[in-house]
Amino acid sequence: MSGFQIARRIATSWAMVMACLCATVAFAQSPLPGEQLAVCISRDTGQAANAMIADPAAFDCKTAQTKFGPGDFWALSQPFDVRSTEAVPLTVRIASLWQEGLDLHVLYADGHVETIVADARGVAQRIQLGALVEYVIPPRDSPAVRLLWHVRQSANLRGILLGQRLSDAHASNTANLLCASLYAGFAGLCLALLIYNLALWGALRHRFQLAYCAMVAALLLYSISASGAMAWLIPGISNNLRLRVNYFTISLSAAAALQFMRFYFEPRIFAGWMDRLMHIGAIALMLGGGAFFLFAPWHIGSMDLLVTALFVGCGLLIPAALWRTFRRRSAYRWLFTCAWAAPVLGVAARSLGNMGLIPWSFWLDNSSIAAMAAEAAISSLAIAYRIRVLSRERDAAIEGEVMARHLADTDPLTGLLNRRAFLNAAIGRNGEQQLLLADIDHFKRVNDTLGHDGGDEVLRIFARALRRYVPTAALVARIGGEEFAIICDTGDPVEPGDLLSNLRRTTFPFDLRITASIGTCCGPLASEADWKQLYRCADRALFEAKSSGRDRWRGNDARFAA
């Protein structure tokens, strides 16, 4: 099955899965449950909370929040009338943003104001799964009617206060369970892919496997910080530090993804400036994420702009690289395009959100996890396909090497071992060996009678006869024009007389009578010196057979005396 066919099936399956997920999300409870609260904004110029609650006209309800820039702000909710009880306390959830503090003042119908103070660490302590900050409204006999937030040192990169919803503890618990299932599924996927591909890398040692493992490991760390689970695992951490880890790990995962892409494709695909550009992009993403982690507390605006610009550049680089895989007709282009479609769309959506071109939402804020989960899963299939192709190439190379070695070791005319391969296999055999030298009688006459093609056919038939009538473990070789050698263990020897009889019964072209002379000798064959001695001995015996009238054998060993 080709890469295109696999990619088409994956794309169809992915579309069905996404349709099911969209339907599920449409009917599932949002991680921001309850009633959405509209808020109005006022810049903090030193006013008291009670004064701000008493003066709603001081708040701006029309200007976009990002227009206010960074600083300290008051955010007043729309009026409502809901009672918080001990049995089912009210909760309010908002998105987690870069702030040094977020105090909540709750106004009740009886005029009482309850204040909940939270600095950056206090905000982290209220983080729920989904990186949502939740405040529990203190129960009171009188209903709560309005909320006032005091936002201290807001970076106001996406807004001052986003995603605010009024709900209750039961709905919040349900939302936590939904988020837990989403993030646990993603973490389980990452762990499984990481362990599996690390094991494969240990066995196969392909560079793209290690880059893929680095990408999945960074995504796993990113999911821990992006989900808010880091605030649960490290209770004393500040929310801003969690966000810094968030940016750093997603930058690392993007850098590893670019490196994975570089190493995955055939070397010819990105050869030249594209390979250098992708390498530079990966380094820039790592450095940008590191710069954000180190310098964001002092230059949050410029650091956010830097990371956004790097991700926009990455979002443009990936389609360009994929286009190059199509132009140069990579065997893996379809699979990788399916794998990277979701991340490219996710990066585009996230970048548009960072630039304020599309409004914030929980799903947009978590689009990176969904997109990279799709990329990691499909890329794992792409890795399996890549390894399958590499295995086929390796098997073909081994088969070619075996064939080449076979051709190098065999006589092309007869298919027997040639002299070099024969000596390599013979010298060093344990125990006493029997050497037979067989030479076709009057072979020149054969060539004169049948021609060289006929002579070649005689040699082939003679070689097949030798192979047929000697023990299976014996070595048979053509060591000269019409001279053949046989080596076998003296425990299972060749009877020269029987061999000659079988050769006489062999049918040759035009019923030509072909005979041979054989000289044999026995002795050790542990070294090259042994071979020379054994060969001289058998050669003398062959000369005696020729001198005695041919079509006979002679041996220099008493066990084979005529």
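Not measured: the values here are computed from a predicted model.

What counts, and where the lines are drawn
Residues numbered from 1 in each chain as written. Predicted model: local features only at pLDDT ≥ 70, side-chain atom pairs only at ≥ 80, totals over all residues. Heavy atoms only, no water. Helix = DSSP H or I, 4+ residues; strand = E, 2+ residues; numbered from the N terminus. Buried < 20%, exposed > 50% of the residue type's maximum accessible area, 1.4 Å probe, protein only. Contact = heavy atoms within 4.5 Å. Areas by Shrake-Rupley, 256 points an atom, 1.4 Å probe, with all protein chains shown as cover. Disulfide = S-S within 2.5 Å. Pairing = 2+ DSSP bridges. Axes fitted to C-alpha atoms, helices over the stretch in contact; angles between N-to-C directions. Parallel < 35°, antiparallel > 145°, perpendicular 65-115°, else oblique. Left-handed = near helix turned anticlockwise from the far one by under 90°. Nonpolar A, V, L, I, M, F, W, Y, C, P; charged D, E, K, R; others polar. Expected span 1.5 Å × (residues − 1). Polar contact = N/O pair within 3.5 Å; in protein donor to acceptor, adjacent residues only side chain to side chain. pLDDT = per-residue confidence, 0-100. Salt bridge = Lys/Arg side-chain N within 4 Å of Asp/Glu carboxyl O. Patch = residues over 30% accessible without salt bridge, like charges linked within 9 Å, V, L, I, M, F, W, Y side chains within 5 Å.

**Notes on the overall build of the protein**
Okay, so step 1: The number of helices and strands found in the protein is 15 helices and 15 strands.
Okay, so step 2: Residues counted as buried form 50% of the 562 residues belonging to the protein.
Okay, so step 3: Across the protein, the fraction of contacts at a sequence separation of at least 24, relative to all contacts at a separation of at least 6, is 77%.
Okay, so step 4: Approximately 26,300 Å² of the protein is accessible, and the part contributed by carbon and sulfur atoms is 60%.

**Considering the state of the cysteines**
Okay, so step 1: Counted by the stated rule, this structure contains two disulfides.
Okay, so step 2: Linked covalently through their sulfurs, Cys40 and Cys61 form a disulfide whose S-S length is 1.8 Å. Negative torsions about the S-S bond denote left-handed disulfides, and the value of about 105 degrees found for Cys40 with Cys61 makes this one right-handed. Placement of the pair is Cys40 in strand S2 (residues 39–43) and Cys61 in the loop between helix H2 (49–53) and strand S3 (71–77), with a sequence separation of 21 residues.
Okay, so step 3: With its sulfur 2.0 Å from that of its partner, Cys521 forms a disulfide with Cys537. Of note, the bridge from Cys521 to Cys537 carries an S-S torsion of about 85 degrees and is right-handed in sense. Taken together, the residues span a long stretch of sequence, with Cys521 in strand S14 (residues 516–525) and Cys537 in helix H15 (residues 528–547) at a distance of 16 residues. Each member of the pair Cys521 and Cys537 is classed as buried.

**Details of the sheet that holds strand S9 (residues 144–154)**
Okay, so step 1: Strand order in the open sheet formed by five strands is S2-S3-S9-S5-S6, with antiparallel pairing between adjacent strands. Bordering the open sheet on either side are S2 and strand S6 (113–116), each of which pairs with just one other strand. Within the sheet, the average angular offset between the axes of one strand and its neighbour, ignoring direction, is 20 degrees.
Okay, so step 2: Relative to S9, strand S5 (residues 101–108) is paired through eight bridges, and the arrangement is antiparallel. Bridge pairing in S9 places Asp103 opposite His150.

**Points about the packing of helix H13 (residues 443–469) against helix H14 (residues 496–505)**
Okay, so step 1: Put simply, H13 and H14 touch, their axes get as near as 10 Å, and they point 135 degrees apart. Here H13 is positioned oblique relative to H14, judged by the angle of their axes. You can see that H13 and H14 cross each other, and the crossing is right-handed. Here H13 contributes Phe462, Ala465, Leu466 and Tyr469 to the contact with H14, which in turn contributes Leu499, Asn502 and Leu503.
Okay, so step 2: Looking at the contact of H13 with H14 residue by residue, the class counts come to six nonpolar, one polar and no charged.

**Description of the pairing of strand S10 (residues 165–168)**
On any regular strand, side chains alternate: one points to one face of the sheet, the next to the other face.
Okay, so step 1: Relative to S10, strand S1 (residues 35–36) runs antiparallel, the two sharing two bridges. In the strand pairing of S10, Gln36 is matched with Arg165.
Okay, so step 2: Both strand S4 (residues 90–95) and S10 contribute to a ladder of four bridges, which runs antiparallel. Opposite Val92, over in S10, you have Leu166 as the bridge partner.

**Section: the environment of Thr507**
Okay, so step 1: By the element assignment, Thr507 lies in the loop between H14 and S14.
Okay, so step 2: Separated by 42 residues in sequence, Thr507 and Ala465 have C-alpha atoms that sit 9.8 Å apart.

**Some details on helix H4 (residues 169–204)**
Okay, so step 1: Here H4 spans 51 Å end to end across 36 residues, near enough to the 52 Å set by a 1.5 Å rise per residue.
Okay, so step 2: Measuring from the backbone nitrogen of His170 back to the side-chain oxygen at the start of H4 gives 3.1 Å, which picks out Asp168 as the cap.
Okay, so step 3: Arg205 lies just past H4 and shows a positive phi near 60 degrees.

**Focus on unusual backbone geometry**
Okay, so step 1: Despite not being glycine, Asn156 shows a phi value in the positive range, around 50 degrees.
Okay, so step 2: Note on placement: Asn156 falls in the loop between S9 and S10.
Okay, so step 3: The phi torsion at Asp551 lies on the positive side, around 50 degrees, for a residue other than glycine.
Okay, so step 4: Inspection of the secondary structure puts Asp551 in the loop between H15 and strand S15 (553–555).
Okay, so step 5: Since its relative accessible area comes to 18%, Asp551 is described here as buried.

**Remarks on the confidence of the model for the protein**
Okay, so step 1: Mean pLDDT for the protein: 82, with 80% of residues reaching 70 or above.
Okay, so step 2: Segment residues 1–30: pLDDT under 50, and 27 contacts once partners within four positions in sequence are set aside and those in other chains are kept.
Okay, so step 3: With pLDDT under 50 throughout, residues 558–562 is counted as low confidence; its partners more than four residues away or in other chains account for 13 contacts.

**Observations regarding the packing of H4 against helix H5 (residues 207–226)**
Okay, so step 1: Put simply, H4 and H5 touch, their axes get as near as 9 Å, and they point 160 degrees apart. In terms of axis orientation, H4 runs roughly antiparallel to H5. In terms of crossing hand, the pair formed by H4 and H5 is left-handed. In this structure, H4 contributes Tyr183, Phe186, Ala187, Cys190, Leu191, Leu193, Leu194, Asn197, Leu198, Leu200, Trp201 and Leu204 to the contact, and H5 contributes Gln209, Leu210, Tyr212, Cys213, Val216, Ala217, Leu219, Leu220, Ser223 and Ala226.
Okay, so step 2: Split into classes, the residues belonging to the contact of H4 with H5 amount to 19 nonpolar, three polar and no charged.

**A short note on the pattern of salt bridges**
Okay, so step 1: Enumeration according to the criterion identifies 13 salt bridges in this entry.
Okay, so step 2: For the salt bridge of Glu134 with Arg93, the shortest nitrogen-to-oxygen distance reads 2.8 Å. Placement of Glu134 in strand S8 (residues 132–136) and of Arg93 in strand S4 is noted, with a sequence separation of 41 residues between them.
Okay, so step 3: Linking Asp275 and Arg262 is a salt bridge whose minimum nitrogen-to-oxygen distance equals 3.0 Å. Of this pair, Asp275 sits in helix H8 (residues 273–327) while Arg262 sits in helix H7 (residues 239–264), and the two are 13 residues apart along the sequence.

**Brief notes about a nonpolar patch on the surface**
Okay, so step 1: Taken together, Ile283, Met286 and Leu287 make up a surface patch of nonpolar side chains, about 270 Å² in accessible area.
Okay, so step 2: Relative to the helices and strands, Leu287 is located in helix H8.

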